[in-house]
Structure formats: structure tokens, C-alpha cells
Amino acid sequence: WREKNYRIYFGIKKSSKIRSYAEIFNGQLLYHIERIFNYYNKKIDEINCTPKGFWVSSTSTPPDDLFQDGIIAAKRHESMREPGVFNEIKASVDSIIAFSQRLGCKVILCFPPVTQSYKNTLDAQKLDGTIKLISEIAKEQNCLFIDAISDSIFQDSDFFNGDHLNGNGAKKLTLIIDSLVYLEE
């Protein structure tokens, strides 16, 4: 889905896959058809955000077992640590940084907060290596780096699931980033 967003919304042609050309090619087709039907026939709009872009939803409660969900998510993401995948991700990040800087944009790299169970499930040595690599990239590329993975301001009630913030948590993170952007200027 990210490749699709880069192509459609930012004009970054990172992929030539057909699914990168339209929203409807991503996810389950019947789900998208139902969303379109609900929008045009029932006037149900799934855009749940404030005018400033903060996501709000009455359904953003964490799963019953946030602890277990964090463990499952961390194990799923460990598979992305294979050398080929990791190098591909780094190349994409480098490309996005270069593109953004050509446009005169300030680049902020952020390691987002995660639940404690997610963090504790990760290989500590790999995590430290990743944080060090991101920090080095930020320094080399003159970017701001925000390491929020262990920030104690985020509580379980700020998470949608084991590795994603809910609307309230996203608002907290956004306000932190916003305050740092203005400090850096």
C-alpha cells in the first residue's frame, strides 16, 4: 500500500506494479466496492479525521490482548530483517530523502513508539543496530531523527494494536514532532 501512496499522492514512481496505480487495486476488491456503495448510496464517509488531519474514531480501542498483539507484530516484522529486504528498505529511504531534499523539504526520520511487549520481543542487538543506522543516516543526510520507541509518554491506551498508535496516540506523536520542527528552525 505504501508504493501505491507514493505513486498516487506524491508522484514518486518507485514501482511499476499495476497495484501501485489506484486505490481499488489494493486490498480486497469487494471491500472497496462496498466502501464505494456506502459512500454514494448511504452517504457514509470513511474519512475520520479532524480538519487538521488527526484521525478520530470511536472504534480505535486496543485489542483485548494488546500484550500478545505486540509480540505477534514484532515477530512478523522480524522477517523483514533479512539482508535483501533491509537493503531495499534503506535504498527506498535514501531515495525519499534525496527527493524531499531536492524539493527543499526538511526530512524527519521517526522511529515510532510501540508497545512494551513489541519492543521486548525484538532482538535487542538488531534493534540497537537499526537505531544506530537510522541515527547515522540522519546525521549524514542532515535530517532530524526522533527515537520515540521507548518514550514513556505513550501508554497502552494510545495504541490501536501492538505496533500502531490510535488517534489519540498519533495526535501525541504529531504534537511532539511539530514542537521539534519549530525548535529546529
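Here the structure is shown first, and the text comes after it.
Let us look at the structure shown here. (Residues numbered from 1 in each chain as written. Predicted model: local features only at pLDDT ≥ 70, side-chain atom pairs only at ≥ 80, totals over all residues. Heavy atoms only, no water.)

Turning to the overall build of the protein, a few remarks are in order. Across its full length, the protein carries 7 helices and 4 strands. Residue pairs at least 24 apart in sequence account for 60% of intrachain contacts in the protein once pairs closer than 6 positions are excluded. As presented, the protein carries roughly 12,800 Å² of accessible surface, and 56% of it is formed by carbon and sulfur atoms. (Helix = DSSP H or I, 4+ residues; strand = E, 2+ residues; numbered from the N terminus. Contact = heavy atoms within 4.5 Å. Areas by Shrake-Rupley, 256 points an atom, 1.4 Å probe, with all protein chains shown as cover.)

Our next topic: unusual backbone geometry. The backbone of Lys 43 shows a phi angle near 60°, a positive value even though the residue is not glycine. Here Lys 43 shows up in the loop between helix H2 (29–41) and helix H3 (66–78). Overall, the relative accessible area of 66% leaves Lys 43 in the exposed class. (Buried < 20%, exposed > 50% of the residue type's maximum accessible area, 1.4 Å probe, protein only.)

What follows deals with the pairing of strand S1 (residues 108–111). Along S1, the buried face is formed by Leu 109 and Phe 111; none of Ile 108 and Cys 110, which line the opposite face, is buried. Across 4 bridges, S1 lies against strand S2 (residues 144–147) in parallel orientation. Looking across to S2, one finds that Phe 111 is bridged to Asp 147. (Pairing = 2+ DSSP bridges.)

Taken as a whole, this structure holds 3 salt bridges when the rule is applied. In this structure, the salt-bridge partner of Lys 90 is Asp 94, at a minimum N-O distance of 2.9 Å. On the criterion of helical spacing, the pair formed by Lys 90 and Asp 94 is a turn pair, its members being 4 residues apart in helix H4 (residues 83–102). We classify Lys 90 as partly exposed; its relative accessible area is 28%. Across the salt bridge formed by Asp 158 and Lys 172, the nearest N and O atoms sit 2.7 Å from each other. Residue Asp 158 is located in the loop between S2 and strand S3 (159–161), and its partner Lys 172 is located in helix H7 (residues 167–184); the two are separated by 14 residues in the primary sequence. On the basis of relative accessible area, Lys 172 is assigned to the partly exposed category, the value being 28%. (Salt bridge = Lys/Arg side-chain N within 4 Å of Asp/Glu carboxyl O.)

Secondary-structure assignment places Glu 3 in helix H1 (residues 2–10). Between the C-alpha atom of Glu 3 and that of Ser 20, which follows or precedes it by 17 residues, the distance is 5.8 Å.

Take the side chain of Ser 117 next. By the element assignment, Ser 117 lies in helix H5 (residues 116–121). Beyond its immediate chain neighbours, meaning those up to four positions away, Ser 117 contacts Leu 66, Phe 67, Gly 70 and Ile 71.

Attention now goes to the nonpolar core. The biggest cluster of nonpolar side chains holds 16 residues, and the ones touching the most others in it are Ile 97, Leu 109, Phe 111, Tyr 118, Leu 127, Cys 143 and Ile 149. For this core, the elements supplying multiple residues, two or more each, are H3, S1 and helix H6 (124–141). With 5 residues, H6 is the single largest residue contributor to this core. With sequence-adjacent residues up to four places away left out, Leu 109 is seen in contact with Val 93, Ile 97, Ile 134, Ile 137, Ala 138, Cys 143, Leu 144, Phe 145 and Ile 146. Among the nonpolar cores identified, the runner-up in size contains 8 residues, and Leu 66, Leu 144, Phe 154 and Leu 165 belong to it. (Core = buried A, V, L, I, M, F, W, Y, C linked by side-chain atoms within 4.5 Å.)

Next up on the list: H3. Taking 1.5 Å per residue, 13 residues should reach 18 Å; H3 reaches 18 Å between its end C-alpha atoms and fits that length. Of the surrounding elements, those touching the buried residues of H3 are H5 and S3. (Expected span 1.5 Å × (residues − 1).)

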